[in-house]
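Structural overview for review
Spelled out, the chains give:
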Amino acid sequence: MDKKAEKLFNDGNKQEAIKLLVADLNKNPKQLSEILQLSTYLVQSEDLEQAEELLARSLEMFKDNQDLLYNLGNVYYLADKYDKANQIFQNLIDDNYAFEAYFMMAKTLDQQGKRQLAIMYALTAAEKAPKDLQANEL
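In what follows, the accompanying structure is described. None of these values were measured; they are calculated from a predicted model. (Residues numbered from 1 in each chain as written. Predicted model: local features only at pLDDT ≥ 70, side-chain atom pairs only at ≥ 80, totals over all residues. Heavy atoms only, no water.)

**A closer look at the packing of helix H1 (residues 3-10) against helix H2 (residues 14-27)**
In helix packing, the relevant descriptors are the interaxial angle and the interaxial distance, both defined with respect to the helix axes. Applied cut-off: Axes here refer to lines fitted to C-alpha atoms; in helices the fit is confined to the stretch in contact. Angles between the N-to-C directions go from 0 to 180 degrees. Under the DSSP-based scheme used, a helix requires at least four consecutive residues in state H or I and a strand at least two consecutive residues in state E, with every element numbered from the N terminus. Any angle that falls under 35 degrees is termed roughly parallel, while one over 145 is termed roughly antiparallel, one within 65 to 115 roughly perpendicular, and all others oblique. Here is the rule for handedness: rotate from the far helix to the near one, and if that takes an anticlockwise turn smaller than a right angle the crossing is left-handed, while a clockwise turn gives right-handed. Only heavy atoms matter for contacts: two residues are in contact if any of them lie within 4.5 Å across the pair.
Two elements in contact, H1 and H2, have axes separated by 7 Å at closest approach and are oriented at 160 degrees. If you check the angle between H1 and H2, you find them roughly antiparallel. Handedness of the H1/H2 crossing: left-handed. Residues Lys4, Ala5, Leu8 and Phe9 of H1 lie in contact with H2, whose contacting residues are Lys14, Glu16, Ala17, Leu20 and Leu21.

What follows is the structure, given as structure tokens:
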């Protein structure tokens, strides 16, 4: 993670932080932590299209990286592309990624009106992380 970009972003200089990370990745594109950081900043800046493009391109370099896939699933969720998000979260669940995949699958299914299935995933998320407040609230 780039600490200078993090400080810029946290201080409200979001575009400067993004530009710094882009410039760094243009020099050396195989920096996974910076890619993840940039994708997070793009999402928080509501630039879902750029975040999706970055993550999809990065998955070509880092085949099947679970953290990249998780971030891409979140981008799809936020962009209301629930079928794509479901597919990614299901693959992460199949690979035993973490409780977050169950959590996001539950949220995605709930958005699609599939309440019973969403409850099942929410309960599993809560079982996997019993101390996580969001999982229990879900």
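**Comments concerning the packing of aromatic side chains**
The following threshold applies: Two aromatic rings from Phe, Tyr or Trp, using only the six-membered ring of Trp, form a pair when their centres are within 6.5 Å; if the ring planes differ by under 30 degrees the pair is stacked, by over 60 it is edge-to-face, and anything between is tilted.
In total, this model carries 5 aromatic pairs according to the counting rule given. Among the aromatic residues, those joined into a ring-pair cluster are Tyr70, Phe89 and Tyr97.

**Let's talk about the nonpolar core**
What counts is decided by this rule: Only buried residues count toward a nonpolar core, which is a set of Ala, Val, Leu, Ile, Met, Phe, Trp, Tyr and Cys residues joined through side-chain atoms within 4.5 Å. Only protein chains enter the accessibility calculation, which uses a 1.4 Å probe; a residue whose area is less than 20% of its type maximum is buried, one above 50% is exposed, and one in between is partly exposed.
By size, the foremost hydrophobic cluster in this structure holds 43 residues, and its most contacted members are Leu38, Tyr41, Phe89, Leu92 and Tyr121. Every element with two or more residues in this core is listed here: H1, H2, helix H3 (32-44), helix H4 (48-61), helix H5 (66-78), helix H6 (82-94), helix H7 (99-111) and helix H8 (115-128). Ranked by residue count, the leading element in this core is H7, at 8 residues. In contact with Leu92, not counting residues within four places along its chain, are Gln66, Leu69, Tyr70, Tyr97 and Ala101.

**Considerations on the side chain of Asn65**
Operational definition: Think of a polar contact as two N or O atoms within 3.5 Å of one another; within protein, one of them needs to be a possible hydrogen donor and the other a possible acceptor, and neighboring residues in sequence only count if both atoms come from side chains.
Note on placement: Asn65 falls in the loop between H4 and H5. At 3.0 Å, the side chain of Asn65 forms a polar contact with the backbone nitrogen of Leu68.

**Overview of the pattern of salt bridges**
Let me state the cut-off plainly: Should a side-chain nitrogen of Lys or Arg be within 4 Å of a carboxyl oxygen of Asp or Glu, the pair is scored as a salt bridge.
Taken as a whole, this structure holds 6 salt bridges when the rule is applied. Measuring nitrogen to oxygen at the nearest pair gives 4.0 Å for the salt bridge that ties Glu16 to Lys19. Taken together, the positions of Glu16 and Lys19, both in helix H2 and 3 residues apart, correspond to about one turn of that helix. The exposure class of Lys19 is exposed, given its relative accessible area of 52%.

**With respect to the side chain of Thr108**
Positionally, Thr108 belongs in helix H7. Judged by relative accessible area, which is 0%, Thr108 ranks as buried. Leave out the neighbours within four places in its chain, and Thr108 touches Tyr77, Tyr82, Ala85, Asn86 and Phe89.

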